[in-house]
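Structural description and commentary
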Amino acid sequence: MGDNHDHDHDHVHDHDGQDVPSATALRVKALESLLVEKGLVDPAALDALIDTYESKIGPRNGARVVARAWADPAYKQRLLKDASSAIAELGYSGAQGEHMVVVENTPSVHNLVVCTLCSCYPWPVLGLPPVWYKSYAYRSRAVIDPRGVLAELGVSLAEDVSVRVWDSTSEIRYLVLPLRPPNTDNLEEEALADLVSRDSMIGVALPVAPEGRAR
Amino acid sequence: MSLPDRAAGLPGLPKDGNGPVFAEPWQAQAFALAVELSRRGAFTWTEWADMLAAVLREATARGAPDDGSRYYEHWLVALERLCLAKGLTDLGTLDGRTDAWEAAYRRTPHGKPVELQAGDSAST
């Protein structure tokens, strides 16, 4: 090869060459280049995937699903019966959205979603999970003490409200259908969607009440 | 999203503002590789989730920080292991290719595309 390897020093910068990426980044680059050469992955498909998850998919999708369910009782029934199909009606489908289950909050039941083993999450409607969802603290505490977790987050539930925790898996992914806030009868779907946060669809928050109105 | 990130305030949980989806480009690449390999049938998503869960369990067991910030490092370990287990590549080839890329960066002048040379590492 003709060039001098120098593995003895730790510097990541050589004056003659370019900045060397981190060891981790080099491992990814090595694996990717080998898989591309073998025809096991297509670089264009990888770029398209990254673009999709960085800029096109996020909790706004889920908020539109929730708003539609609030506004259209027939849609809500379809959503609760077969979530994947009902969500696909709005154009949201793809990886990690194949077997969706929507769990409905009611005045007597609050639902909370976790993945205790890893990070299963409904990508087509929520995007990729936030850091805390992937943390051991949340994965363990959500099951052991869901009321405590909710209370710390400022979600205070009446004592007669029961909490159900849903453990997502690689086969089933859950989305919470929050309770529609009061005083929202006159709002259009798009305005309703603005009230729906990502966290309310995981079950760690409640939808925000419309601005300027009493809760 | 303009809504407040309520969970960011939970004591004991890592904060997570509405920052970028991937903190560094390699995280995006590692993410996409796993999704694409699964989509093309190199492994099932259940096999992937099982492997990732095993790596996360090991990290917890050895007391590694598991606040979610090192998630994609665990993701990469799971990806490498599953690729090796499925025979998509082997450890010697992978290590050799990693060294080859490092050498390529070191020898390539600024502003030039970084490329491997013939003989840098075998691809089989």
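First, a word on what this report is: a plain description of the structure on this page.

Some thoughts on the overall build of chain B
Helix and strand counts for chain B stand at four helices and zero strands. For chain B, the α and β elements follow one another from N to C terminus as α-α-α-α. In chain B, which comprises 124 residues, the proportion classed as buried is 51%. When the accessible area of chain B is evaluated, it comes to approximately 5,800 Å², of which 53% is carbon and sulfur surface.

Overview of the pairing of strand E4 (residues 173-177) of chain A
Side-chain positions along a regular strand alternate between the two faces of the sheet. Residue and element names in this part refer to chain A. The buried count for E4 comes to five of five residues, which makes it a mostly enclosed element. Every second residue of E4 is oriented toward a common face, with Arg173, Leu175 and Leu177 on one face and Tyr174 and Val176 on the other, all of them buried. Sheet topology note: the strand E1 (residues 100-104)/E4 ladder contains five bridges and is parallel. Looking at E4, one finds that valine 102 is bridged to leucine 175.

Description of the packing of helix H2 (residues 43-56) of chain A against helix H1 (residues 25-39) of chain B
Across the interface, H2 of chain A lies against H1 of chain B with an axial gap of 9 Å and an inter-helix angle of 115°. When the axis of H2 of chain A is compared with that of H1 of chain B, the two are roughly perpendicular. Note on packing geometry: the crossing formed by H2 of chain A with H1 of chain B is right-handed. Where H2 of chain A abuts H1 of chain B, its residues Ala45, Leu46, Leu49, Ile50 and Tyr53 of chain A lie against Ala28, Gln29, Phe31, Ala32, Leu33, Val35 and Glu36 of chain B. Broken down by class, the residue content of the contact of H2 of chain A with H1 of chain B amounts to ten nonpolar, one polar and one charged.

Describing unusual backbone geometry
All names here are of chain A. A positive phi angle, close to 70°, is found at glutamine 96, a residue other than glycine. Along the chain, the position of glutamine 96 falls in the loop between helix H5 (83-89) and E1. Exposure remark for glutamine 96: the relative accessible area of 4% places this residue in the buried category. Residues other than glycine seldom take positive phi values, yet asparagine 183 does so here, at roughly 60°. Residue placement: asparagine 183 occurs in the loop between E4 and helix H10 (189-193). Relative accessible area serves as the criterion here: at 42%, asparagine 183 is assigned to the partly exposed category.

Some thoughts on the side chain of threonine 98 of chain B
Positionally, threonine 98 of chain B belongs in helix H4 (residues 91-107). With near-sequence residues (within four places) excluded, threonine 98 of chain B lies in contact with Leu26, Arg27 and Ala30 of chain A.

Describing the interface of chain A and chain B
Listed per partner, the contact involves 73 residues of chain A and 70 residues of chain B. Where chain A packs against chain B, one counts two salt bridges. Residue glutamate 37 of chain A is joined to arginine 97 of chain B by a salt bridge in which the shortest nitrogen-to-oxygen separation is 3.0 Å. Applying the counting rule to chain A against chain B returns twelve residue pairs in polar contact (both at pLDDT 80 or more). At 13 residues, helix H1 (residues 23-37) of chain A tops the list of elements feeding residues into the side of chain A that touches chain B. When the residues that make up the side of chain A that touches chain B are grouped by side-chain class, the tally is 36 nonpolar, 17 polar and 20 charged.

A look at the pattern of salt bridges
All told, the structure shown has 17 salt bridges over all chains when counted by the stated rule. Here arginine 78 of chain A makes a salt bridge to glutamate 89 of chain A, at a shortest N to O gap of 2.8 Å. In this pair, arginine 78 of chain A sits in helix H4 (residues 73-81) while glutamate 89 of chain A sits in helix H5, placing the two residues eleven residues apart along the sequence. In this structure, arginine 106 of chain B and glutamate 102 of chain B form a salt bridge, with 2.7 Å as the shortest nitrogen-oxygen distance. Residue arginine 106 of chain B and its partner glutamate 102 of chain B are both found in helix H4; the two are separated by four residues, about one turn of the helix. In this structure, arginine 106 of chain B and glutamate 102 of chain B share a single accessibility class: buried.

Brief notes about the packing of aromatic side chains
Scanning all chains against the criterion turns up 18 aromatic pairs over all chains. Plain terms: the ring middles of phenylalanine 31 of chain B and tryptophan 75 of chain B are 5.7 Å apart, the flat faces sit at 35° to each other, and that makes the pair tilted. Here phenylalanine 31 of chain B is found in helix H1, whereas its partner tryptophan 75 of chain B is found in helix H3 (residues 71-85), with 44 residues between them in sequence. What makes phenylalanine 31 of chain B buried here is its relative accessible area of 1%. Classification of tryptophan 75 of chain B as buried rests on a relative accessible area of 1%. On the basis of an interplanar angle of 20° and a centroid distance of 6.2 Å, the ring pair of phenylalanine 43 of chain B and tryptophan 48 of chain B is categorised as stacked. Of the two residues examined, phenylalanine 43 of chain B and tryptophan 48 of chain B, each falls in the buried class. Taken together, the ring pairs connect Tyr53 and Trp123 of chain A together with Phe22, Phe31, Phe43, Trp45, Trp48, Tyr71, Tyr72 and Trp75 of chain B into an aromatic cluster. Seen from the ring of tryptophan 101 of chain B, lysine 29 of chain A lies directly overhead, with NZ or CZ sitting 4.3 Å from the centre.

Cut-offs applied
Residues numbered from 1 in each chain as written. Chains lettered and ligands numbered in written order. Predicted model: local features only at pLDDT ≥ 70, side-chain atom pairs only at ≥ 80, totals over all residues. Heavy atoms only, no water. Helix = DSSP H or I, 4+ residues; strand = E, 2+ residues; numbered from the N terminus. Buried < 20%, exposed > 50% of the residue type's maximum accessible area, 1.4 Å probe, protein only. Areas by Shrake-Rupley, 256 points an atom, 1.4 Å probe, with all protein chains shown as cover. Pairing = 2+ DSSP bridges. Axes fitted to C-alpha atoms, helices over the stretch in contact; angles between N-to-C directions. Parallel < 35°, antiparallel > 145°, perpendicular 65-115°, else oblique. Left-handed = near helix turned anticlockwise from the far one by under 90°. Contact = heavy atoms within 4.5 Å. Nonpolar A, V, L, I, M, F, W, Y, C, P; charged D, E, K, R; others polar. Salt bridge = Lys/Arg side-chain N within 4 Å of Asp/Glu carboxyl O. Polar contact = N/O pair within 3.5 Å; in protein donor to acceptor, adjacent residues only side chain to side chain. Phe/Tyr/Trp six-rings, centres within 6.5 Å; stacked < 30°, edge-to-face > 60°. Lys NZ or Arg CZ within 6 Å of the ring centre and 35° of its normal.

Coordinates in, geometry out; function isn't part of it.
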